[in-house]
Amino acid sequence: MPIISPSILAADFANLQRDVEMLNNSDADWIHVDIMDGVFVPNISFGIPVTKAISKHAKKPLDVHLMIEKPENYVQQFKNAGAEIISVHYEACEHLHRNLQQIKALGCKAGVAINPHTNVSLLEDTIKDIDLVCVMSVNPGFGGQKFIENTYAKVARLKELILKNNASTLIEIDGGVNAENARPLIDAGADVLVAGSFVFNSSNPEDTILKLKSV
Ligand code: DX5
Ligand code: ZN
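Residues numbered from 1 in each chain as written. Chains lettered and ligands numbered in written order. Predicted model: local features only at pLDDT ≥ 70, side-chain atom pairs only at ≥ 80, totals over all residues. Heavy atoms only, no water.

### A word on the sheet that holds strand β5 (residues 109–114)
In step 1: What the 8 strands build is an open sheet, ordered β1-β8-β7-β6-β5-β4-β3-β2; its pairing is parallel. With partners counted over all chains shown, the strands left at the sheet margins are β1 (3–6) and β2 (31–36), one partner each. For this sheet the average axis-to-axis angle between neighbouring strands, irrespective of direction, equals 25 degrees.
In step 2: Bridge count between β5 and strand β6 (residues 132–136): 4 bridges; the pairing is parallel. If you follow I114 over to β6, its bridge partner there is V135.
In step 3: Lying on the sheet, helix α2 (residues 48–57) is in contact with β2 and β3 (62–67); it crosses β3 at an angle near 165 degrees.
In step 4: Together, β5, β6 and β7 (170–174) form the strand contacts of helix α5 (residues 151–164), whose direction differs from that of β7 by roughly 165 degrees. (Pairing = 2+ DSSP bridges. Helix = DSSP H or I, 4+ residues; strand = E, 2+ residues; numbered from the N terminus. Axes fitted to C-alpha atoms, helices over the stretch in contact; angles between N-to-C directions. Contact = heavy atoms within 4.5 Å.)

### A word on the coordination of the zinc ion (ligand 2)
Metal coordination angles have textbook ideals: 109.5 degrees for a tetrahedral set of four donors and 90 or 180 degrees for an octahedral set of six.
In step 1: Those donors, H32 (NE2), D34 (OD), H65 (ND1) and D174 (OD), are the protein atoms that reach the zinc ion (ligand 2), and they lie 2.0 to 2.3 Å from it.
In step 2: Each of the 6 donor atoms bound to the zinc ion (ligand 2) contributes to angles spanning 69 to 170 degrees, and the resulting shape is octahedral.
In step 3: Donor residues for the zinc ion (ligand 2), ordered by position in the chain, follow H-x1-D-x30-H-x108-D. Residue H32 is found in strand β2, and its partner D174 is found in strand β7; the two are separated by 142 residues along the sequence. (Donors = N, O, S within 2.8 Å, 3.2 Å for Na, K, Ca; no water. Tetrahedral: all angles 85-135°; square planar, octahedral: opposite > 155°, others 65-115°.)

### A few points about the pairing of β6
In step 1: Within β6, 5 of the 5 residues are buried, which leaves it mostly tucked inside the rest of the structure.
In step 2: Looking at chain direction, β6 and β7 are connected through 5 bridges and run parallel. Its bridge partner being in β7, V133 is matched across the sheet by I171.
In step 3: In this fold, the crossover linking β6 to β7 by way of α5 has right-handed handedness. (Buried < 20%, exposed > 50% of the residue type's maximum accessible area, 1.4 Å probe, protein only. Right-handed = clockwise from strand over helix to strand, strands pointing away.)

### Some words on the pairing of strand β4 (residues 83–89)
In step 1: Among the 7 residues in β4, 6 count as buried, and that is most of the element.
In step 2: By the bridge criterion, 5 bridges tie β3 to β4 in an arrangement that is parallel. Bridging from a neighbouring strand, L66 pairs with V88 of β4.
In step 3: The pairing of β4 with β5 spans 5 bridges and is classified as parallel. In the strand pairing of β5, V88 is matched with V112.
In step 4: Note that the unit made of β4, helix α4 (residues 96–105) and β5 has a crossover that is right-handed.

### Side note on the side chain of N181
In step 1: Following the sequence through the fold, N181 ends up in the loop between β7 and α6 (182–188).
In step 2: Note on N181: relative accessible area 5%, which makes it buried.
In step 3: Separated by 2.8 Å, the side chain of N181 and the backbone nitrogen of N178 make a polar contact.
In step 4: Those residues in contact with N181 that lie beyond four places of it in its chain are F147, Y152 and G176. (Polar contact = N/O pair within 3.5 Å; in protein donor to acceptor, adjacent residues only side chain to side chain.)

### Points about the packing of aromatic side chains
In step 1: Tallied over the entire structure, the rule returns 2 aromatic pairs.
In step 2: Between F13 and F46 the ring centres are 5.6 Å apart and the planes differ by 90 degrees, which places this aromatic pair in the edge-to-face class. One end of the pair, F13, is in the loop between β1 and α1 (16–25); the other, F46, is in the loop between β2 and α2, with 33 residues separating them in the sequence.
In step 3: Using a relative accessible area of 42% as the deciding quantity, one classes F13 as partly exposed.
In step 4: Arranged with centres 5.3 Å apart and planes meeting at 50 degrees, the rings of F147 and Y152 form a pair that is tilted.
In step 5: A residue is classified by how much of its surface remains accessible, and F147, at 7% relative accessible area, is buried.
In step 6: Assessed through its relative accessible area of 22%, Y152 is described here as partly exposed. (Phe/Tyr/Trp six-rings, centres within 6.5 Å; stacked < 30°, edge-to-face > 60°.)

Below you can see the structure in the form of structure tokens.
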């Protein structure tokens, strides 16, 4: 069964506590927290105080996705705000290996997110140091975008790379995930599914989470 990590980006920000409690009561495994800085991506979401507020109510691990420049300057603060998994973007890191060590030294799981144009072969030399690869299946910056079909082939290639290196890296899919693409993604090798609008825009988010969990 996949790990389900609903994205709080699609929640009602004026009712965050209510929406976090809904996730606590659901079959969600993690809570995906999207941080956008308006520089690395053309949008701003929220930052450290809001992450701390989410963490105060969350009973599930916070899976923090940093869509920001210079993530090394902020990982400590996100750890302090309650992050258990921290993903940095491959495209934002000049010293990816150092950044991964830094995240692990804080006691967090270290993730690397890759944009749709980034080839998985670029992770060959770090895959054994990566706890999770977040494969972007949309261009990062906005919820509610259309899933990019090339993701299936990419996930299959990433799975091969992981197996070839005897790594235990998890594959997470982020963007446009729904009940139709969930099963083929899992078959291609996905372990974790992020879903924002598909969960929060549905009439019964808890049912939708269960549906994704049991596809
Ligand atoms: C996109 C974010 C995603 C987003 C997913 O930049 O990283 O996590 O919230 O939202 P949906 O599921 O609506 O595509
Ligand atoms: Zn995300």
